[in-house]
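Residue-level listing of the chains:
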Amino acid sequence: PVLLGCGSAQPGGCPALCECSEPAKTVKCVNRNLTAVPPDLPPYVRSLFITGNPLTDLPAGAFPAQRLPDLVSLNLSGNHLRTVEAGSLALPALRQLDLSGNALVSFSPQAFGEGGSPLEELALRGALRDHGVLLSLAALLQSGALRNLSRLELADNGLLLLPAGMFTALPALRQLDLSNNSLVGLRNVSFQGLGQLQSLNLSDNSLGVLRNTTLVQFRSLPALRHIVLGHNTWVCDCAIEDLVAWLKESDQVEGKEALTCASPDKMLGKALLKINGSDLNCSVPVDLPSQLQTSYVFLGIVLALIGAIFLLVLYLNRKGIKKWMHNIRDACRDHMEGYHYRYEINADPRLTNLSSNSDV
């Protein structure tokens, strides 16, 4: 291919500071100190590389759909992008987009326009360090605008937790890369509806255990045959029993023989596949909330039985209790009459003298 660099672009020509190949339908604007997308990109371009530039913003219409009807692959990695505005990526033929290595702080859920996008591959490696951008991406994915997406790369973003239901509107997703993050759990992550998912990379995270609810989802995905779990901080206590049992019976996990315990100290370095019941101290139930709930139910039953027995005793002894109450009433009445009599004597001097004479 002949690479042409032009100081000014002619219709169908090449923008300044870019290299173009019309036979290959490729334009490269790499490390050219660009601060904006060249407005005169040739309409024949199918693969566009704008990388390594101090580009900070993608405004609406940055890539005009009418001028770039055949743009299929767009690589914007390694720039200084911070904002991706609504309508900035509304391209009718776009299938591949790479935004990796940008410090995004704003990503509009309408970046691909109102009618959805044919996008199939989206790479965001190291571009989601801001939590607000992660929430915006989740809203974009959940809106159904990227229902054709088959490959999603979210590696190297330091993610701790993923928004609930983030992947539920991606029925065509086949490859999901969540490696090299800081994920501590997948409890709020749903993989339901990902019937085409073939590959899931969860390596180099901070996973201590995978709960049974997650394992059930993995079992239910018919196409999922490649799960990578290496380099996680597995906690080998009673909570890991379900994971160990699944690993022993499943053929979905690649390199499962190399998975080892990170804690407690007595289990450090032990292969997960070699763990058995005697290695785990499971005398105390692991699911404490369920145990407490059971204890409260049992306590309520015991208290109800005690109350019923108490009422039964009262009923059987109702006559004796009634007589006892009458005796207490009579005793109290006699006692109060004695107090009343003494009060009347002390209050009347004549009765006081009479009482004294009577005593003499």
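This is a predicted model, so every value here is computed, not measured.

1. Things to note about the overall build of the protein
Step number 1: Looking only at helices and strands, one finds six helices and 16 strands in the protein.
Step number 2: Out of the 360 residues in the protein, the part that is buried amounts to 38%.
Step number 3: Sequence separation of at least 24 residues holds for 57% of the intrachain contacts in the protein that already meet a minimum separation of 6.
Step number 4: For the protein, the accessible area works out to roughly 19,600 Å², and carbon and sulfur atoms hold 57% of it.

2. Some words on the UniProt feature "transmembrane region" (unreviewed entry) in the protein
Step number 1: Residues given the UniProt feature "transmembrane region" (unreviewed entry) here are residues 296–316.
Step number 2: Helix makes up 100% of residues 296–316 and strand 0%, with an end-to-end C-alpha separation of 30 Å.

3. Comments concerning the state of the cysteines
Step number 1: Within this structure, the stated rule accounts for three disulfides.
Step number 2: Cys18 shares a disulfide with Cys29; S-S distance 2.0 Å. Here the S-S torsion is close to 105 degrees, and the disulfide linking Cys18 with Cys29 is therefore right-handed. Note that Cys18 is positioned in the segment before β1 (19–21) and Cys29 in strand β2 (residues 26–30), a separation of 11 residues in sequence.
Step number 3: Since its relative accessible area comes to 0%, Cys29 is described here as buried.
Step number 4: One disulfide bridge connects Cys236 with Cys261, the sulfur atoms lying 1.9 Å from each other. Its S-S torsion of approximately -95 degrees makes the covalent link between Cys236 and Cys261 left-handed. Here Cys236, found in the loop between β14 (234–235) and α3 (241–249), pairs with Cys261, found in strand β16 (residues 261–263); they are 25 residues apart in sequence, far enough to count as distant. Neither Cys236 nor Cys261 differs from the other in exposure class; each is buried.

4. Quick word on the side chain of Ser117
Step number 1: Topologically, Ser117 is positioned in the loop between β8 (106–107) and β9 (121–123).
Step number 2: Of the polar contacts made by the side chain of Ser117, one reaches the backbone nitrogen of Leu119; its length is 3.1 Å.

5. Topic: the sheet that holds strand β6 (residues 83–84)
Step number 1: Pairing is parallel across the open sheet formed by three strands, whose spatial order is β4-β6-β8. Unpaired on one side and paired on the other, β4 (57–58) and β8 mark the two borders of the sheet.
Step number 2: Sheet topology note: the β4/β6 ladder contains two bridges and is parallel. Bridge pairing in β6 places Leu58 opposite Val84.

6. With respect to the environment of Gly13
Step number 1: Looking at the element boundaries, Gly13 is found in the segment before β1.
Step number 2: Note on Gly13: relative accessible area 18%, which makes it buried.
Step number 3: With 28 residues separating them in the primary sequence, Gly13 and Leu41 have C-alpha atoms 7.8 Å apart.
Step number 4: For Gly13, the residues in contact, after removing those within four places along its chain, are Pro42 and Tyr44.

7. A short note on helix α1 (residues 131–142)
Step number 1: Helix length check: α1 (12 residues) gives 17 Å between terminal C-alpha atoms against 16 Å at 1.5 Å per residue, within 8%.
Step number 2: Buried within α1 are the following residues: Val133, Leu134, Ser136, Leu137, Ala138, Leu140 and Leu141.
Step number 3: Here the buried face of α1 lies against β8, β9 and β10 (151–153).
Step number 4: Two residues or fewer past α1, Gly144 is found with a positive phi of approximately 85 degrees.

8. Quick look at the packing of aromatic side chains
Step number 1: As enumerated under the stated definition, the model contains two aromatic pairs in all.
Step number 2: Ring plane angle 55 degrees and centroid distance 5.5 Å describe the contact between Phe191 and Phe218, whose orientation is recorded as tilted. With a gap of 27 residues between them, Phe191 in the loop between β11 (175–177) and β12 (199–201) and Phe218 in helix α2 (residues 212–220) connect regions that are remote in the sequence.
Step number 3: Residues Phe218 and Trp246 carry aromatic rings whose centres are separated by 5.7 Å and whose planes lie at 40 degrees to one another, so their mutual orientation is tilted. Here Phe218, found in helix α2, pairs with Trp246, found in helix α3; they are 28 residues apart in sequence, far enough to count as distant. When sorted by exposure, Phe218 lands in the same class as Trp246, which is buried.
Step number 4: Through a chain of ring-to-ring contacts, the aromatic side chains of Phe191, Phe218 and Trp246 assemble into a single cluster.
Step number 5: A cation over a ring is seen here: Lys28 above Phe49, with NZ or CZ 5.8 Å from the ring centre.

9. Some thoughts on the sheet that holds strand β13 (residues 226–228)
Step number 1: Read from one edge to the other, the open sheet built from 11 strands follows the order β1-β2-β3-β5-β7-β9-β10-β11-β12-β13-β15, with strand pairing classed as mixed. Every interior strand has two partners, whereas the edge strands, β1 and β15 (253–254), have only one.
Step number 2: One ladder, built from five bridges, connects β2 with strand β3 (residues 47–51); its direction is parallel. For Val27, the partnering residue across the bridge sits in β3 and is Leu48.

10. A word on the pairing of β2
Step number 1: Where β1 meets β2, three bridges bridge the pair, whose relative direction is antiparallel. Opposite Glu19, over in β2, you have Lys28 as the bridge partner.
Step number 2: Hairpin connection from β1 to β2: four residues lie between these consecutive antiparallel strands, with Lys25 at a positive phi of about 55 degrees.

11. Looking at the pairing of β3
Step number 1: Here three bridges tie β3 to strand β5 (residues 73–75), and the two strands are oriented parallel to one another. In the strand pairing of β5, Ser47 is matched with Ser73.

Definitions and cut-offs
Residues numbered from 1 in each chain as written. Predicted model: local features only at pLDDT ≥ 70, side-chain atom pairs only at ≥ 80, totals over all residues. Heavy atoms only, no water. Helix = DSSP H or I, 4+ residues; strand = E, 2+ residues; numbered from the N terminus. Buried < 20%, exposed > 50% of the residue type's maximum accessible area, 1.4 Å probe, protein only. Contact = heavy atoms within 4.5 Å. Areas by Shrake-Rupley, 256 points an atom, 1.4 Å probe, with all protein chains shown as cover. UniProt positions renumbered as here; feature names shortened; annotations may be inferred. Disulfide = S-S within 2.5 Å. Polar contact = N/O pair within 3.5 Å; in protein donor to acceptor, adjacent residues only side chain to side chain. Pairing = 2+ DSSP bridges. Expected span 1.5 Å × (residues − 1). Phe/Tyr/Trp six-rings, centres within 6.5 Å; stacked < 30°, edge-to-face > 60°. Lys NZ or Arg CZ within 6 Å of the ring centre and 35° of its normal.

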